[in-house]
Amino acid sequence: MNAKIKGWLSGLHILRSLKVRIFIMILLVGIIPAVILRYTILQTYMNRAVNVRMTDIQNQCKILANHLINYNYLADNTSDVINAELGMLSDLYDGRVIIIDQSCRIIKDTYGISEGKTMISEEVMKCLKGESTAHYDEENYYIEITTPIVDTLVKQDPLYDEDESQETVVKGVMLTSVSADNIQTNLDILRSRATVMQMLAAILLLAIAWVVSQLLVKPFDRVTTAISEVKDGFNTEQISVPDYIETEHIISAFNDLLGRMKAVDESRQEFVSNVSHELKTPITSMKVLADSLLMQEDVPVELYKEFMVDIADEIDRENKIITDLLSLVRMDKRASDLNIESILLNDLLERLMKRLRPIAKQRNIDVLFESVREVKLEADEVKLTLALSNLIENAIKYNVEYGYVKVTCDADHQFALITVEDNGIGIPPEAQEHIFERFYRVDKSHSKDIGGNGLGLAIARNAILMHRGSVQLESEEGKGTKFFVKIPLIYIKRQEGK
Ligand code: ADP
């Protein structure tokens, strides 16, 4: 990019500043009316001055034209009185008076240079027809006026003495050219005064525009400072800039974000401490078991074996926690990591239950499957299996001897609908909203006995949400629990950034 375009773009960049925009707007609001006002006032003044001058001269010319007739000047231009009057008129208005007769011959020119010549112009011809004209030449600053020299003839009817009629005859034309220099001079003085006033007003306006733009934008600077303080860690409280409704909106949105970030941070900290705790527990048990073996002498082989079985159990527990944690981390990744394929849900559930039935059998729990219709859907088989097996495993784990687990598979036109129902121990109402949280267990000791770490439902929920589905539950303590899973039949790809 060449330097000129770069400079031009950086110039445009300045216009994106609110401060600069307010500044320019105030300047425009002040300057545009001032310029229009100046033009209108000066133009009105000039029109008015020219009109007054024209009327003035036209009146003078009319009076003089009458005198010309009275003195029969068109026939004899030697009248001293008239010549003196013509001289006075031209002196008074700093102009030139030309008298033209009916045959367009100049019989008098106060400049004395055109006498005897013929003058034919549009104005003179019009005037000879009785129409006076007035014209202002703006370029050369002079006013030109033609006045008809009219004689009134009185006609008498030869038959009736008393009947008289008047007839007007244009005997000549009085052409007056007058300088409008003084009007122009006045206009120039006015113009220069207006310019000075406008310069002063512009300076004042610049100062006002600068101050106002600074003041108006200040609250936004305060918003930036307040947010920077939070960012730099000087302020951890909720911030407030109540100057404008707009800044209040920005700040309240920011406070919401801050609240969410704090919640995320707290949950992250809690998660880390939970993970450390959960990972430490089996290790502590193993250490205790190993130490007690080491501290005793002549330990019988049976005890060794018994302790080693316990240690192996703890290792399994540790392994399960780590596997579950890895599954969770994978679920936290983006939905684009899903390996979507077409799945026959009925088959998947049947395979799952075949695998889990032996475990259920140990506690005489019946695992039933009701397939309402054949359901084909687009999903990630591994993740969906993980989600559903966690639900069914829980239904078996938190069940009672001789209880049942019933899984149904159905669909509407949009969703696959799976329910997992048991008549087990149920979940107390206050715990129902927490059971999908990581590491949450209703009864820690009971859950630990049956090998729970509180990650199963979190994994299940994440996997279902990745498919843009939903999971809900109904449960009554001592009666049983029912989970409802809804997954779109056709996978809807999530748009990036959503
Ligand atoms: P866990 O590994 O402890 O089973 P989960 O996340 O799978 O963790 O479940 C969280 C808690 O929810 C369990 O500890 C248990 O108390 C409760 N829970 C889950 N499923 C059921 C169920 N079907 N019946 C009763 N309680 C359940």
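Preceding this section is the structure that the text describes.
Treat the numbers as computed from the prediction; the structure is a model and nothing was measured.

So, how was this worked out
Residues numbered from 1 in each chain as written. Predicted model: local features only at pLDDT ≥ 70, side-chain atom pairs only at ≥ 80, totals over all residues. Heavy atoms only, no water. Disulfide = S-S within 2.5 Å. Buried < 20%, exposed > 50% of the residue type's maximum accessible area, 1.4 Å probe, protein only. Helix = DSSP H or I, 4+ residues; strand = E, 2+ residues; numbered from the N terminus. Salt bridge = Lys/Arg side-chain N within 4 Å of Asp/Glu carboxyl O. Pairing = 2+ DSSP bridges. Axes fitted to C-alpha atoms, helices over the stretch in contact; angles between N-to-C directions. Contact = heavy atoms within 4.5 Å. Patch = residues over 30% accessible without salt bridge, like charges linked within 9 Å, V, L, I, M, F, W, Y side chains within 5 Å. Areas by Shrake-Rupley, 256 points an atom, 1.4 Å probe, with all protein chains shown as cover. Lys, Arg positive; Asp, Glu negative; His and termini not counted. Charge placed at Lys NZ, Arg CZ, Asp CG, Glu CD.

A. The state of the cysteines, seen in detail. Under the criterion given, the structure shown has zero disulfides. There is no disulfide at C104, and the cysteine sulfur nearest it, in C127, is 11 Å away. In this structure C104 comes out as buried when scored by relative accessible area, which is 7%.

B. Here's a closer look at unusual backbone geometry. The phi dihedral of Y402 is positive, around 65°, even though this residue is not glycine. Structurally, Y402 can be placed in the loop between α9 (381-397) and β9 (404-411). Positive phi values are uncommon outside glycine, yet F439 reaches one of about 70°. Secondary-structure assignment places F439 in the loop between α10 (429-432) and α11 (444-449). On the accessibility criterion, F439 (5% relative accessible area) is buried.

C. Representation of the pattern of salt bridges in the model. With the rule as written, the count across this model stands at 17 salt bridges. Here D188 makes a salt bridge to R191, at a shortest N to O gap of 3.5 Å. With D188 and R191 both in helix α5 (residues 181-232), this residue pair falls three residues apart, about one helical turn. Between E314 and R317 there is a salt bridge; the shortest N-O distance is 3.6 Å. Of this pair, E314 and R317 are both found in helix α7 (residues 301-332), three residues apart, which corresponds to roughly one turn of the helix.

D. Up close: the sheet that holds strand β10 (residues 415-422). Pairing is mixed in the open sheet, where five strands are placed in the order β7-β9-β10-β12-β11. Taken across any chain shown, the strands that pair with only one partner, and hence form the sheet edges, are β7 (366-371) and β11 (470-476). Across the sheet, the axes of successive neighbouring strands diverge by a mean angle of 10°, strand direction being ignored. Bridge count for β10 against strand β12 (residues 480-488) is eight bridges, and the pairing is antiparallel. The partner of D422 across the bridge, within β12, is T481. Strands in contact with α9 are β7, β9, β10 and β12; relative to β10, the strand with the most contacts, it is inclined by about 25°. In the packing of helix α12 (residues 456-466) onto the sheet, the strands contacted are β11 and β12, and the crossing angle to β12 comes to about 25°.

E. Local environment of a negative patch on the surface. Negative charge collects at one region of the surface, where E266, E270, E433 and E437 lie side by side. Take E433: it is sitting in the loop between α10 and α11. Judged by relative accessible area, E433 falls into the exposed class, the value being 63%.

F. Seen up close, the pairing of strand β1 (residues 95-101). Of all seven residues that make up β1, seven are buried, and the element is covered over most of its length. Here β1 shows a buried face lined by G95, V97, I99 and D101 and a second buried face lined by R96, I98 and I100. Between the antiparallel neighbours β1 and strand β2 (residues 106-109) lie four residues, among them C104 with a positive phi of about 65°.

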